[in-house]
Amino acid sequence: MLIDDIRQIINQTRSRVAVNVNAELTLMYWHIGECINREVLGNERAEYGKQIVATVSQQLQSEYGDKGFEPRTIRRMMQFASLFPDIKIVTPLVTQLSWTHFLLVMPIKDPLAREFYLTMAANERWSKRTLEAKIDGMLYERTAVATKPEELIKHELTELRENNVLTPDLVFRAPTSLSSQVSRGCTARRV
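1. Points about the layout of surface pockets
The computed volume of the largest pocket comes to approximately 210 Å³. Forming the boundary of the largest pocket are L83, F84, P85, D86, I89, P111, L112, R114, E115, L118, E150 and K154. Breaking the lining of the largest pocket down by element, the ones donating at least two residues are α6 (111-124) and α9 (150-163). Ranked by residue count, the leading element in the lining of the largest pocket is α6, at five residues. A class-by-class count of the residues in the lining of the largest pocket yields seven nonpolar, no polar and five charged.

Right, dumping it as structure tokens:
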């Protein structure tokens, strides 16, 4: 039916527009954070940085509106660029993940764990809630890949990102994690 075909065209276009807008906004946040970190702060002068963030925030809010350029949001943009200094990793992820996905992984201290969660979220198309549940459940720490050398972890994540190659170590639990669960399960059954 003609109207159904037209609805489908409209809905598909809206979906693509939303993805593109989200990707561009997230890249804009990275570039703003990187610009402030690099040009203004030099990543060294904390007290001066607070003043700069407040000033930049006021100027952006007066020009672009109050929402989205609060000092806290500007600091998150700066943190985003600091935690993900390689734009080559960020660029492909922003087409698949929202700004909120990035915000969820930013508190994670281990850079490889952050990269793991983002790469898996993009590959598996995790929602924000699913990503949050995986982080809370310490998925990375329980996988076999977490016990491997850093270079091997980076290689496996790159293979997944670039070639869609999902190795067993990225999804299976580490043997120590499995054995502790098996022994707990056996103990529970004996009681």
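Resuming the write-up.
2. Let's talk about a nonpolar patch on the surface
On the surface, a nonpolar cluster with roughly 520 Å² of combined accessible area is contributed by M1, L2, I3, I6 and I10. Take L2: it is sitting in helix α1 (residues 2-41).

3. Notes on the nonpolar core
I74, F80, F84, F102, V105 and Y117 are the most contacted members of the largest nonpolar core, which has 41 residues in total. At eight residues, α6 tops the list of elements feeding residues into this core. Contacts of F102, omitting those with residues within four sequence positions, involve T26, F80, F84, L93, V94, L97 and L118.

4. Describing unusual backbone geometry
Unlike most non-glycine residues, R125 shows phi in positive territory, near 55 degrees. Tracing the backbone through its elements, the reader meets R125 in the loop between α6 and α7 (128-136). Given a relative accessible area of 70%, R125 falls into the exposed group. Residue M138 is not a glycine yet carries a positive backbone phi of 55 degrees. With respect to the helices, strands and loops of the structure, M138 is situated in the loop between α7 and α8 (139-142). Assessed through its relative accessible area of 44%, M138 is described here as partly exposed.

Rules used in this analysis
Residues numbered from 1 in each chain as written. Predicted model: local features only at pLDDT ≥ 70, side-chain atom pairs only at ≥ 80, totals over all residues. Heavy atoms only, no water. 1 Å grid on protein atoms, 1.4 Å probe; cavity = no way out; pocket = protein on both sides within 12 Å on 5 of 7 lines; lining within 4 Å. Points joined across faces, edges and corners; volume = space filled by probe spheres on them. Helix = DSSP H or I, 4+ residues; strand = E, 2+ residues; numbered from the N terminus. Nonpolar A, V, L, I, M, F, W, Y, C, P; charged D, E, K, R; others polar. Patch = residues over 30% accessible without salt bridge, like charges linked within 9 Å, V, L, I, M, F, W, Y side chains within 5 Å. Areas by Shrake-Rupley, 256 points an atom, 1.4 Å probe, with all protein chains shown as cover. Salt bridge = Lys/Arg side-chain N within 4 Å of Asp/Glu carboxyl O. Core = buried A, V, L, I, M, F, W, Y, C linked by side-chain atoms within 4.5 Å. Buried < 20%, exposed > 50% of the residue type's maximum accessible area, 1.4 Å probe, protein only. Contact = heavy atoms within 4.5 Å.

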